[in-house]
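Here is what each chain is made of, one letter per residue.
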Amino acid sequence: MKKQNIIALLSFLSMAFNTYAIDKYVTDNVDIYLRRGPGSQYAYSNAVKAGEKVIELEKSTDGKYTRIQLNNGNTAWIETAKLSEQPSYKERFPSLEAKLAEYQDKVDNAEANQQKLVSGYIEKLQLAEKSIETLQNKNATLEQQVKEQGSQIESMLNQVDDKRRDLITTWFTYGGLVAGGGLILGLVLPSIIPRRRKKDRWM
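Small disclaimer: the values here were computed from a predicted structure and weren't measured.

Visitor: Can you tell me about the overall build of the protein, naming the residues and giving the values?
Guide: Looking only at helices and strands, the protein features three helices and seven strands. Helices and strands in the protein line up, N terminus first, as α-β-β-β-β-β-β-β-α-α. Relative to its full complement of 203 residues, the protein shows a buried share of 16%. Summarising the internal contacts of the protein: among those between residues at least 6 apart in sequence, 50% fall at separations of at least 24. Surface exposure of the protein reaches about 17,300 Å², of which carbon and sulfur atoms provide 58%.

The following block contains the structure:
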């Protein structure tokens, strides 16, 4: 019991005073046997499961072995080549499975989404066609109104020209009548009014 307490205490102290601790992942090939020291000459201590997360504590001088801490707090040495910076497939599998399900859902619903987009575009196109038809009708109405107003203006101008010609004709008629009346009066009045004889000044 005391031996286990001592081992646990040493593991705790190792974690507390070792600032080098880095998370690592055991490669996903097979279960890896660990050694008691940084080299093949050291005996095996225990094994670690493939893909398991461990903590890197230090590396050997040649860098071929790394001292790691297991989940149970024990420490051992493992070949550096059998460690990875990336999480194992075991830990990444749930997220990969979720992404696969998401992609599968997108694939399954792709046709429905495409149909929805097409329906939306068709609806917008129909609205645009209705708007164009409304504008064309308004334009035709305005053109008809302009045409009618142009006809009315032309008719009014013709009426003005007719009245002006009538007025000119009336004035010429009045002028002719006045001139003719004056001429007649000039011819008739002398024959009506007797001329006074001029008195002889000597008489």
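Visitor: Provide a residue-level description of the packing of aromatic side chains, including the pertinent values.
Guide: Going through the model one piece at a time under the given rule, you end up with one aromatic pair. Across the ring face of Tyr-44, the terminal group of Arg-35 is positioned such that the distance to the ring centre comes to 4.1 Å.

Visitor: Could you give me a rundown of the pattern of salt bridges, with the residues and numbers involved?
Guide: Pairs may arise between side chains of opposite charge once their charged atoms sit close together. Under the criterion given, the structure shown has four salt bridges. A salt bridge links Asp-161 to Arg-164; the nearest nitrogen and oxygen atoms lie 3.2 Å apart. A residue pair is termed a helical-turn pair when its members lie 3 or 4 positions apart in one helix, as Asp-161 and Arg-164 do in helix α3 (residues 110–192) at three residues. Since its relative accessible area comes to 26%, Asp-161 is described here as partly exposed.

Visitor: Which residues make up the pairing of strand β4 (residues 53–59), and what values do they have?
Guide: Note: β4 against strand β5 (residues 65–69), four bridges, orientation antiparallel. Bridge pairing links Glu-56 to Ile-68 in β5. Between β4 and β5, which follow one another and run antiparallel, lie five residues, and Gly-63 among them has a positive phi close to 80°.

Visitor: Break down the environment of Tyr-65 for me, with residues and values.
Guide: Its location among the elements puts Tyr-65 in strand β5. The buried category is assigned to Tyr-65, whose relative accessible area is 10%. Measuring from C-alpha to C-alpha, the distance between Tyr-65 and Ala-81 comes to 8.1 Å, with 16 residues separating the pair along the chain.

Visitor: Now, about a nonpolar patch on the surface: what can you tell me, with residues and values included?
Guide: There is a patch of nonpolar side chains on the surface, built from Leu-183, Ile-184, Leu-187, Val-188 and Ile-192 and spanning about 510 Å² of accessible area. Its location among the elements puts Val-188 in helix α3. By relative accessible area, which is 35% here, Val-188 ends up partly exposed.

Cut-off values and rules
- Residues numbered from 1 in each chain as written.
- Predicted model: local features only at pLDDT ≥ 70, side-chain atom pairs only at ≥ 80, totals over all residues.
- Heavy atoms only, no water.
- Helix = DSSP H or I, 4+ residues; strand = E, 2+ residues; numbered from the N terminus.
- Buried < 20%, exposed > 50% of the residue type's maximum accessible area, 1.4 Å probe, protein only.
- Contact = heavy atoms within 4.5 Å.
- Areas by Shrake-Rupley, 256 points an atom, 1.4 Å probe, with all protein chains shown as cover.
- Phe/Tyr/Trp six-rings, centres within 6.5 Å; stacked < 30°, edge-to-face > 60°.
- Lys NZ or Arg CZ within 6 Å of the ring centre and 35° of its normal.
- Salt bridge = Lys/Arg side-chain N within 4 Å of Asp/Glu carboxyl O.
- Pairing = 2+ DSSP bridges.
- Patch = residues over 30% accessible without salt bridge, like charges linked within 9 Å, V, L, I, M, F, W, Y side chains within 5 Å.

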